Amino acid sequence: MSMRLLIVDDHPLIRVGLRTLLEHTFDRPEILEATDGHEALAIAARLRPDIVLLDISMPGLNGVDAARRIMTELPSCKVIMLSMHCHEERVAECLRAGAIGYLVKDGAVSEVGAAIEAAWHGEVYISTRVPTAVSKLLERKSNMTSPLQLLSTRQREILQLIAEGQSTKEIGYRLNLSGKTVETHRRLLMQRLDIHDVAGLARFAVRSGLVSLER
């Protein structure tokens, strides 16, 4: 099976471990690496991987939003999400974003190869660690709503950076926006989510999985 794979994780040990596993599982795969969501977007646009193994919790641009952007630009690309968590809502959010697979990082090593083979053939693969059946998740995903769906891609990105403790100036520099524009987005976020302080926005981002307290 000849394929081009992109591993996206901000932890070097995870990337090295996955690379070693993939090199021993498949016949001479071409393996690319990225350390965060923004780098993943750039590499995917330039080198067009077949399958992306994408960590959910990353600083700057989380995996779910990165997945949406990758699949918008590369509809044929298959994305498999990697997470420390097996909560049903987290899985459903990834399926809504278009992911074709979901792996829990402390699951069986053999699941990585199984998920990639499934994705290669256009089949959904959900880790056996997830307590809800795949069929139920797929049935429900079109009906499940999340407050995050009320937000634009830019608003989600700014919300994540706010929750990570970035100042207005830092967010503006990172996203090439003026301070006034960042403040306008923050005000709109508060209005749309009915949250009225920065601490509340941060708590919402954590509950929604945009950022993790474990980092």
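Look up: the structure comes first, before these words.
Here's what I pulled together on the structure shown here. (Residues numbered from 1 in each chain as written. Predicted model: local features only at pLDDT ≥ 70, side-chain atom pairs only at ≥ 80, totals over all residues. Heavy atoms only, no water.)

Let's shift gears to the nonpolar core. Leu6, Val8, Leu54, Val79, Met81 and Tyr102 are the most contacted members of the largest nonpolar core, which has 31 residues in total. Secondary structure elements with two or more residues in this core: strand E1 (4-8), strand E2 (30-34), helix H2 (37-47), strand E3 (51-55), helix H3 (63-73), strand E4 (78-83), helix H4 (88-97) and strand E5 (101-104). Ranked by the residues each element gives to this core, the list is headed by H3, at five residues. Leaving out residues up to four positions away in the same chain, Leu6 has contacts with Leu32, Glu33, Ala34, Ala40, Ile43, Ala44, Pro49, Ile51, Val52 and Leu53. Counting 19 residues, the second-largest nonpolar core is a separate cluster that includes Ile80, Leu82, Ala118 and Tyr125. (Core = buried A, V, L, I, M, F, W, Y, C linked by side-chain atoms within 4.5 Å. Buried < 20%, exposed > 50% of the residue type's maximum accessible area, 1.4 Å probe, protein only. Helix = DSSP H or I, 4+ residues; strand = E, 2+ residues; numbered from the N terminus. Contact = heavy atoms within 4.5 Å.)

Let us now look at the environment of Val91. Relative to the elements of secondary structure, Val91 occurs in helix H4. Distance from Val91 to Asn62, taken between C-alpha atoms, is 14 Å for residues 29 residues apart in sequence.

Glancing now at the pattern of salt bridges. By the definition in use, this model includes 14 salt bridges. Here Glu33 makes a salt bridge to Arg15, at a shortest N to O gap of 3.1 Å. Of this pair, Glu33 sits in strand E2 while Arg15 sits in helix H1 (residues 12-25), placing them 18 residues apart in sequence. Note on Glu33: relative accessible area 28%, which makes it partly exposed. (Salt bridge = Lys/Arg side-chain N within 4 Å of Asp/Glu carboxyl O.)

What follows covers the sheet that holds E5. Strand order across the open sheet formed by six strands is E2-E1-E3-E4-E5-E6, with parallel pairing between neighbours. Every interior strand has two partners, whereas the edge strands, E2 and strand E6 (125-126), have only one. As judged from the four bridges shared by E1 and E3, these two strands associate in the parallel manner. Bridging across to E3, Leu6 finds its partner in Val52. Sheet strands touched by H2: E1 and E2. Its angle to E2, the strand with the most contacts, is close to 145°. (Pairing = 2+ DSSP bridges. Axes fitted to C-alpha atoms, helices over the stretch in contact; angles between N-to-C directions.)

Here E4 lies mainly inside the structure; five of its six residues are buried. Relative to E5, E4 is paired through four bridges, and the arrangement is parallel. The partner of Met81 across the bridge, within E5, is Tyr102. As a crossover connection, the stretch from E4 through H4 into E5 is right-handed. (Right-handed = clockwise from strand over helix to strand, strands pointing away.)

Structurally, Glu111 is set in helix H5 (residues 110-120). The exposure class of Glu111 is buried, given its relative accessible area of 5%. Polar contacts involving the side chain of Glu111 include one to the side chain of Tyr125, which spans 3.0 Å. Excluding its chain neighbours within four sequence positions, the residues that come into contact with Glu111 are Leu103, Tyr125, Ser127 and Thr128. (Polar contact = N/O pair within 3.5 Å; in protein donor to acceptor, adjacent residues only side chain to side chain.)

Right, let's talk about the packing of helix H9 (residues 179-193) against helix H10 (residues 198-207) for a bit. Where H9 meets H10, the axes come as close as 11 Å, and the angle between the chain directions of the two elements is 65°. Taken as axis vectors, H9 and H10 run roughly perpendicular relative to one another. Crossing geometry of H9 relative to H10 is assigned as left-handed. For the pair formed by H9 and H10, the contact residues are Arg186, Leu189, Met190 and Leu193 on the first element and Val198, Leu201 and Phe204 on the second. (Parallel < 35°, antiparallel > 145°, perpendicular 65-115°, else oblique. Left-handed = near helix turned anticlockwise from the far one by under 90°.)

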